[in-house]
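# Report on the structure
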Amino acid sequence: ATGKDMFALAESWVKFLPRVHELYPQFMAEMHAYCIAAAHLEMPHQLAKGFMVSSVTGANKEKSFMFLDDVTREKACNAKVSPNKLPFVLHYCQRYAIGRWFFSKYKL
């Protein structure tokens, strides 16, 4: 996508969001509005899997953190993980914590 495409998408996204939120205030209105805006503009998308750490619980937990399979607790701070195994995106929909340290989209 070009900058012009992304600008058009952002404009449509902002237009659709209030109406989507009005209909579905409890369930990820911003993501649904994005999909509607992209479809409205006939912007093709490609489904990609495995490049984002998101699920910290449930069925996808193991898949999300597979890049850590060979990292022991003792080597966690100096782990040599192949760049090909690292995710591109850390999804801030969750709260990530180690001991008393955590971060989320609301707090660090």
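Throughout what follows, the structure given in this document is the object of discussion. (Residues numbered from 1 in each chain as written. Predicted model: local features only at pLDDT ≥ 70, side-chain atom pairs only at ≥ 80, totals over all residues. Heavy atoms only, no water.)

## Description of the packing of helix 1 (residues 3-23) against helix 2 (residues 29-40)
Definition in use: Simply put, an axis is a line fit to the C-alpha atoms, just over the touching stretch for a helix, and the angle between two N-to-C directions goes from 0 to 180 degrees. Only runs of H or I of at least four residues qualify as helices and only runs of E of at least two qualify as strands under DSSP, and these elements are numbered from the N terminus. Roughly parallel means an angle under 35 degrees; roughly antiparallel, over 145; roughly perpendicular, 65 to 115; everything else is oblique. For a crossing to be left-handed, the near helix must be turned anticlockwise from the far one by less than a right angle; the clockwise case is right-handed. Only heavy atoms matter for contacts: two residues are in contact if any of them lie within 4.5 Å across the pair. Amino acids are sorted into nonpolar (Ala, Val, Leu, Ile, Met, Phe, Trp, Tyr, Cys and Pro), charged (Asp, Glu, Lys and Arg) and polar (every other residue, Gly among them).
Where helix 1 contacts helix 2, the two axes come as close as 8 Å, and the packing angle between them is 130°. The angle between the axes of helix 1 and helix 2 places the two elements in the oblique class. Classified by chirality, the crossing of helix 2 by helix 1 is right-handed. Along its contact with helix 1, which presents Leu9, Ser12, Trp13, Phe16, Leu17, Val20 and His21, the element helix 2 presents Ala29, Glu30, His32, Ala33, Tyr34, Ile36, Ala37, Ala38 and His40. For the contact of helix 1 with helix 2, the residue count by class is 11 nonpolar, 4 polar and 1 charged.

## Quick notes on unusual backbone geometry
One non-glycine residue, glutamate 42, lies in the positive phi region at around 55°. Mapped onto the fold, glutamate 42 is located in the loop between helix 2 and strand 1 (52-53).

## Describing the pattern of salt bridges
Put simply, the test is: Criterion for a salt bridge: a side-chain nitrogen of Lys or Arg within 4 Å of a carboxyl oxygen of Asp or Glu. Each residue is placed in one exposure class: buried if its accessible area under a 1.4 Å probe, protein chains only, is under 20% of its type's maximum, exposed if it is over 50%, and partly exposed if it falls in between.
Following the criterion strictly, the structure yields 1 salt bridge and no others. In this structure, the salt-bridge partner of arginine 19 is glutamate 22, at a minimum N-O distance of 3.0 Å. One end of the pair, arginine 19, and the other, glutamate 22, are both in helix 1, 3 residues apart, so they sit about a helical turn from each other. Residue classification places arginine 19 among the partly exposed residues on the basis of a relative accessible area of 46%.

## Regarding helix 2
Definition in use: Expected span, for any helix, means 1.5 Å times one less than how many residues it has. Here the arc refers to the set of directions running from the helix axis out to each C-beta atom.
For helix 2, with 12 residues, the first-to-last C-alpha span of 16 Å sits near the 16 Å given by 1.5 Å per residue. Of the residues making up helix 2, those classed as buried are Ala29, Ala33, Ala37 and Ala38. Projected down its long axis, helix 2 shows its buried positions confined to an angular sector of 165°, all on one face. The inward-facing, buried residues of helix 2 contact helix 1. Glutamate 42, located one to two residues past helix 2, shows a positive phi value of around 55°.

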